[in-house]
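Now for the letters of each chain:
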Amino acid sequence: MTERKSYPAIEAQRATGDWNPFWDSIFELDPDYLETFLAFRAVPQNGPLPQKYKELIFIAINVATTHLWPSGARRHIQNALEAGATKEEILEVIQLTSIMGIHSMTMGLPILMEEFEKFEKKFSEK
């Protein structure tokens, strides 16, 4: 009979009720990876920053243009409200995070202008 391996980080995360259903699939495929990931993820959560601020940061991460994880945003908005954040504070975090998206324009527009000038020059010479 094989001994069942213990996964303390997974068990601790499940116990909080803050479980991402996606993690069930990872657990089925590679429980050791999930255990390591959740243990690593838990390190900054045990520091001195109040939970409300941690949740606001998690919201920012989840709504960021480079992440866009709706279930995480929803979960951390719920957690932030429970930790005492106001609707207005959460909205401000989302607004501040949305500024990241403007970089698509500040990077892309100059490139567009340069390439369009090259394109026009190429065809005006013919």
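The coordinates are above.
Let us look at the structure shown here.

Thresholds applied
- Residues numbered from 1 in each chain as written.
- Predicted model: local features only at pLDDT ≥ 70, side-chain atom pairs only at ≥ 80, totals over all residues.
- Heavy atoms only, no water.
- Helix = DSSP H or I, 4+ residues; strand = E, 2+ residues; numbered from the N terminus.
- Rg over C-alpha atoms; globule rule 2.2 N^0.38 Å.
- Buried < 20%, exposed > 50% of the residue type's maximum accessible area, 1.4 Å probe, protein only.
- Contact = heavy atoms within 4.5 Å.
- Areas by Shrake-Rupley, 256 points an atom, 1.4 Å probe, with all protein chains shown as cover.
- Lys, Arg positive; Asp, Glu negative; His and termini not counted.
- Charge placed at Lys NZ, Arg CZ, Asp CG, Glu CD.
- Patch = residues over 30% accessible without salt bridge, like charges linked within 9 Å, V, L, I, M, F, W, Y side chains within 5 Å.
- Salt bridge = Lys/Arg side-chain N within 4 Å of Asp/Glu carboxyl O.
- Expected span 1.5 Å × (residues − 1).
- Arc of directions from axis to C-beta.
- Core = buried A, V, L, I, M, F, W, Y, C linked by side-chain atoms within 4.5 Å.

**Section: the overall build of the protein chain**
The helix and strand inventory of the protein chain stands at seven helices and zero strands. Listed by position from the N terminus, the elements making up the protein chain come as α-α-α-α-α-α-α. Relative to the compact-globule value of 14 Å for 126 residues, the protein chain shows a C-alpha radius of gyration of 22 Å, a clear excess of over 25%. Taking the principal axes of its C-alpha atoms as reference, the protein chain extends roughly 80 × 45 × 25 Å. The buried share among the 126 residues of the protein chain stands at 25%. Contacts in the protein chain between residues at least 24 apart in sequence constitute 53% of all its contacts with a sequence separation of at least 6. In the structure as shown, the protein chain presents an accessible area of about 9,500 Å², 64% of it carried by carbon and sulfur atoms. Distance from the positive charge centre (13 side chains) to the negative charge centre (18 side chains) of the protein chain: 3 Å.

**With respect to a nonpolar patch on the surface**
Among the surface-exposed residues, Leu96, Ile99, Ile102, Met105, Leu109, Leu112, Met113, Phe116, Phe119 and Phe123 lie close enough to one another that they form a single nonpolar patch of about 980 Å² accessible area. Broken down by element, the nonpolar patch gets its largest block of residues, eight residues, from helix H7 (residues 102-124). Structurally, Phe123 can be placed in helix H7. Residue classification places Phe123 among the partly exposed positions, given a relative accessible area of 43%.

**Examining helix H3 (residues 31-42)**
For H3, built from 12 residues, the straight-helix expectation of 16 Å at 1.5 Å per residue is met to within 8% by its first-to-last C-alpha distance of 16 Å. Along H3, the positions that sit buried rather than exposed are Leu34, Glu35, Leu38 and Arg41. Buried residues along H3 cover an arc of 135 degrees about the axis, so they all sit on one side. Exposed and oriented more than 90 degrees from the buried face of H3 are Thr36 and Phe40.

**Some points on the pattern of salt bridges**
For the structure on display, the rule yields four salt bridges. Arg14 is the salt-bridge partner of Asp24, the closest N and O atoms lying 3.5 Å from each other. Placement of Asp24 in helix H2 (residues 22-29) and of Arg14 in helix H1 (residues 8-16) is noted, with a sequence separation of 10 residues between them. When its relative accessible area of 39% is taken as the criterion, Arg14 is described as partly exposed.

**Looking at the nonpolar core**
In terms of nonpolar packing, the biggest core is built from eight residues, these being Tyr7, Ala9, Ile10, Trp19, Trp23, Ile26, Leu34 and Leu38. Broken down by secondary-structure element, the contributors of at least two residues to this core are H1, H2 and H3. Trp23 has contacts with Gln13, Asp18, Leu34, Phe37, Leu38 and Arg41, leaving out every residue within four places of it along the chain.

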